[in-house]
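A closer look at the structure
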Amino acid sequence: KIKHDGYVCSVAFSPDNQYVATGSFDEHLRIIDVKTGKEKHKIEHGGSVYSMAFSPDNKYVATGTGNNLRIIDRKQLLETSGEVNVDKIKGVRKINTHGYTSMAFSPDNQYVATGSGVYFRIIDVNALNVKHEIRHDGIVRSVAFSPDNKYVATGSGNNLLIIDPNTNQELHKI
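Within each chain, residues carry numbers counting from 1 in the order of the written sequence. Given that this is a predicted model, residues contribute local features only at a pLDDT of at least 70 and side-chain atom pairs are listed and counted only at 80 or more, while totals for whole chains, interfaces and linings are drawn from all residues. Hydrogens and water molecules were not included; the side-chain quantities draw on all heavy atoms of the structure.

With that out of the way, let us pick up the sheet that holds strand β8 (residues 82-85). Pairing in this open sheet of 5 strands is mixed, and the strands run β1-β2-β3-β4-β8 from one edge to the other. The open sheet has two free edges, formed respectively by β1 (8-13) and β8, since each of these has just one partner strand. Direction aside, the axes of adjacent strands within the sheet are offset by 20° on average. Think of it this way: DSSP has to see at least two bridges between two strands before they count as a pair. Helix numbers and strand numbers start at the N terminus; a helix is a DSSP run of H or I with at least 4 residues, a strand a run of E with at least 2. Bridge count between strand β3 (residues 28-33) and strand β4 (residues 39-44): 5 bridges; the pairing is antiparallel. Bridged to arginine 30 within β4 is lysine 42. Fitted lines through C-alpha atoms serve as axes, helices being fitted only where they are in contact, and the angles separating the N-to-C directions of these axes extend from 0 to 180 degrees.

Centres within 6.5 Å make a pair out of two Phe, Tyr or Trp rings, where for Trp the six-membered ring is used; the pair is then stacked when the planes are under 30 degrees apart, edge-to-face when over 60, and tilted otherwise. In this structure the tally under the stated criterion is 2 aromatic pairs. For the ring pair tyrosine 7 and phenylalanine 25, a centre distance of 5.8 Å and an interplane angle of 85° mean the geometry is edge-to-face. Placement of the pair is tyrosine 7 in the segment before β1 and phenylalanine 25 in the loop between β2 (19-24) and β3, with a sequence separation of 18 residues. On the accessibility criterion, tyrosine 7 (65% relative accessible area) is exposed. When a residue's accessible area, from a 1.4 Å probe over protein chains only, is under 20% of the maximum for its type it is buried; when over 50% it is exposed; and in between it is partly exposed.

Here the focus is the sheet that holds strand β7 (residues 68-73). With respect to topology, 4 strands assemble into an open sheet ordered β5-β6-β7-β9, the strand pairing being antiparallel. Looking along the sheet, the strands with just one partner apiece sit at the ends: β5 (51-54) and β9 (93-96). Strand-to-strand, the axes of this sheet are offset by a mean angle of 10°, without reference to chain direction. Where β7 and β9 come together, 4 bridges link them in antiparallel fashion. In the strand pairing of β9, arginine 70 is matched with lysine 94.

A few words now on the pairing of β1. Of the pairings in the sheet, the one linking β1 to β2 comprises 5 bridges and is antiparallel in character. Bridging from a neighbouring strand, phenylalanine 13 pairs with valine 20 of β2. Here β1 folds back onto β2 in antiparallel fashion, the turn holding 5 residues, of which asparagine 17 has a positive phi close to 65°.

Salt bridge, as used here: a side-chain nitrogen of Lys or Arg that lies within 4 Å of a carboxyl oxygen of Asp or Glu. Per the stated rule, a full pass over the model turns up 9 salt bridges. When the shortest N-O distance is used, the salt bridge between arginine 70 and aspartate 87 registers 3.1 Å. On the criterion of sequence distance, the pair formed by arginine 70 in strand β7 and aspartate 87 in the loop between β8 and β9 is long-range, its members being 17 residues apart. Of the residues examined, arginine 70 reaches a relative accessible area of 3% and is grouped as buried. Residue classification places aspartate 87 among the partly exposed residues on the basis of a relative accessible area of 41%. Of the charged contacts in the structure, one is a salt bridge between arginine 121 and glutamate 133, with a shortest N-O distance of 2.7 Å. Of the two residues, arginine 121 is situated in strand β12 (residues 119-124) and glutamate 133 in strand β13 (residues 130-135); the sequence distance between them amounts to 12 residues.

Below is the structure:
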C-alpha cells in the first residue's frame, strides 16, 4: 500500500495511461503503475511538490515546489529505481522563482503555464526562461491551455482571465 506522509497536492495521468503521478507535502513525486497499483518511483524534491504535469508528448514531467520549477526527462526518470533525489536524475533542468501552485503544458509541448503566487507565467520548456508574465490580484490557483494552443485561462481569487499566450494580451477578465 502506498502511503503519503503529507497531503497530496496534485495528481496527473501520463498521456499513455500507464502511470499516475502524485505530488505531495511530503516532498515527493511518486510514479505509480496504473495496472499494478505499485509505486515505481519515489523522487525526493526537498520541498512540497505543489503541482506537476506530464507533457502531452510524454517526454517530460514538470514539478513545482516552493521555489523551483523542474523539467524532468521522463526517459531518464524511468531509468531510476527506488527513492532518489530529483537533482541526481540525469538531465533535470530547473528555474528558480516563487512557489508553483499550478501548471499545464501547452498542447505543442513548447511551454509550461504556471501559477506562482500572484504571478502567471509562460515558461519556454527548451530555453527554460520566462516568455510572458502577468501579475494577478490574488494567488493563481489554476492554469490551462486551450486544445488549439490559442488561449490560456487562469483562475485567481474570484477572477478568470483569458490570455493570448503569443502576445501576453489579456482578452477577457470575468
